[in-house]
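Observations on the model geometry
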Amino acid sequence: MGHFSITCRNCGKSFENAYCAFGEHCKDALLVTRYREKPFADDRGEGIWRFNWLPVHTPYFEQSGPLVYKTEGLCEDLGLENLYIAFNGYWPERGAELQTCTFKEFEAAVVLQNAYENGIRGLIVASAGNTARAFSHLSATTGFPVILVVPRMCLMEMWYLESASSIPTLVVSDGDYADTIDVAKRIAAVSELPFEGGVKNIAKRDGLGVVLLEAVSRIGKLPDHYFQAVGSGTGAIGVWEMAERFLQDGRFGSRLPVLHLAQNLPFAPMVKAWERGSRELFAEDLRPDLIGEITTRVLSTRYPAYSVKGGVYDALAATAGKMYGINNDAVFAAITTFAEAEGIDIVPAAGVAVAALRKAVNARLIQKKETVLLNITGGGEERLSTEKKTHDVEPRFISKRISANEIEELLCHILKTN
Ligand SMILES: [Zn+2]
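Residues numbered from 1 in each chain as written. Predicted model: local features only at pLDDT ≥ 70, side-chain atom pairs only at ≥ 80, totals over all residues.

Here we take up the pairing of strand β10 (residues 169-172). Side chains Thr169 and Val171 of β10 all project onto a buried face; the interleaved residues Leu170 and Val172 project onto the opposite face, where all are buried too. Examined bridge by bridge, β10 and strand β16 (residues 396-398) share three bridges and lie parallel to one another. Looking at β16, one finds that leucine 170 is bridged to arginine 396. (Buried ≥ 20, exposed ≤ 12 C-beta atoms within 10 Å, placed from the backbone. Helix = DSSP H or I, 4+ residues; strand = E, 2+ residues; numbered from the N terminus. Pairing = 2+ DSSP bridges.)

See below:
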């Protein structure tokens, strides 16, 4: 028996086989990890591996965690007294060492380790951008094979570290993120390497939940409020699930942090649905032309984990959460404010979260003394570019209509050259 089991959010049935980490039991319901150790521990290793609530046993590579610090710059600006920033990116003199500059690195690390321990020898990963960068980096540093599939529209925001430039990256030239996921699943079927599973993979959500583990380890208690920009919502769900574990532990607070989640207008399907009290997204809010107007392509998924049981809708409902729509001007303003107040650059998606925090403060949704955790999901890219060599992705373009035969040929070619 391992140190965790997996439970279906719908029917409550439990499983011991960790391989089901990639799937589902009841249709449209997430599986969630139940760790046998109820008390939280942060003394089990180095970096993110020091936490006991991760679905891994003996990690074979190092992975540093987020930088969590109490800020003064932005605090003063917003009139808050206990504002903590979880900075996920590259800011070496402060101890932030993520060279891919994104919190998706925790997701990739935990997913790869979990897959490896379950006898899986490679993964097909679909991504709107920064997840691909994280997986390519981890694949390069660990030797664990991955094949990445990304939509063309995200290509201009993609870059790899020099070490990762050989990781195979297939670019769907005529489709969006949703098409990319479909293609990735078809490639998985032909290649016999599994699709990483998206939000259904428990290792993804627990990996992203590392942000809350690090924060509680640093602050000593659960925050009252949590701010994050959301695309698929996977990270926010992961944080909610971790918060539930802290409540069961009992030593870190008795109330779930209020989730304050934000999207970039005009493409904000979850904001629109939540404002109307709907568990279902509306087709008119998912129009592809809206995606063309936002500045944060990494938040552009048209299949977010919103309606699914145990997803974003349930997370918001459980925490009395709020959603914010942020326009491009507010995103740019927030990026500037943050750089001036904190002294480091952040990515547009993180600017969405900063702008949401300002909106919440202006609407008096937060008391001055309450503890707030702001998840800066990516930052330090400009800083990194002054020090390290980065490369544009070398794409292999494919069509969303690629046939099984063509996939087979392509895989042959990839395996030969890598
Ligand atoms: Zn079930």
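Resuming the write-up.
Our focus in this paragraph is the domain arrangement of the protein. One can read the domain layout of the protein as domain 1 (67-98 + 203-385) and domain 2 (121-193 + 389-418). Here the side of domain 1 that touches domain 2 is built from residues that sort into four nonpolar, five polar and two charged. (Domains from an automatic or database assignment. Nonpolar A, V, L, I, M, F, W, Y, C, P; charged D, E, K, R; others polar.)

Where helix α7 (residues 234-249) contacts helix α10 (residues 312-319), the two axes come as close as 9 Å, and the packing angle between them is 45°. In terms of orientation, α7 and α10 fall into the oblique class. Seen along the crossing, α7 lies across α10 with a hand that is left-handed. Of α10, the residues touching α7 (which contributes Ala236, Ile237 and Trp240) are Val312, Ala315, Ala318 and Thr319. (Axes fitted to C-alpha atoms, helices over the stretch in contact; angles between N-to-C directions. Parallel < 35°, antiparallel > 145°, perpendicular 65-115°, else oblique. Left-handed = near helix turned anticlockwise from the far one by under 90°. Contact = placed C-beta atoms within 7 Å.)

As a further point, take helix α4 (residues 177-191). Every α-helix carries 3.6 residues per turn, so stepping three or four residues along brings you back to the same face. The end-to-end C-alpha distance of α4, which contains 15 residues, comes to 21 Å, matching closely the 21 Å that a straight helix rising 1.5 Å per residue would cover. A positive phi of about 70° marks glutamate 192, the residue just after α4. (Expected span 1.5 Å × (residues − 1).)

Here we come to the nonpolar core. Counting 137 residues, the largest nonpolar core has Ala353 and Leu374 as the members making the most contacts within it. Tallying contributions element by element places helix α12 (residues 348-362) first for this core, with nine residues. Looking at which domains feed residues into this core, each of domain 1 (67-98 + 203-385) and domain 2 (121-193 + 389-418) gives three or more. Those residues within four positions of alanine 353 in sequence are excluded, and the remaining contacts are Phe227, Gln228, Ala229, Ala262, Leu374, Asn375 and Ile376. (Core = buried A, V, L, I, M, F, W, Y, C linked by C-beta atoms within 7 Å.)

In sheet architecture, strand pairing relies on hydrogen bonds along the backbone and comes in two forms, parallel and antiparallel. An order of β2-β1-β3 is seen for the three strands of this open sheet, with the pairing classed as antiparallel. The open sheet terminates on both sides in strands that have one partner only, identified here as β2 (14-15) and β3 (31-35). When strand β1 (residues 4-8) meets β3, the two strands line up antiparallel, connected through five bridges. Residue pairing across strands places threonine 7 opposite valine 32, the latter belonging to β3.

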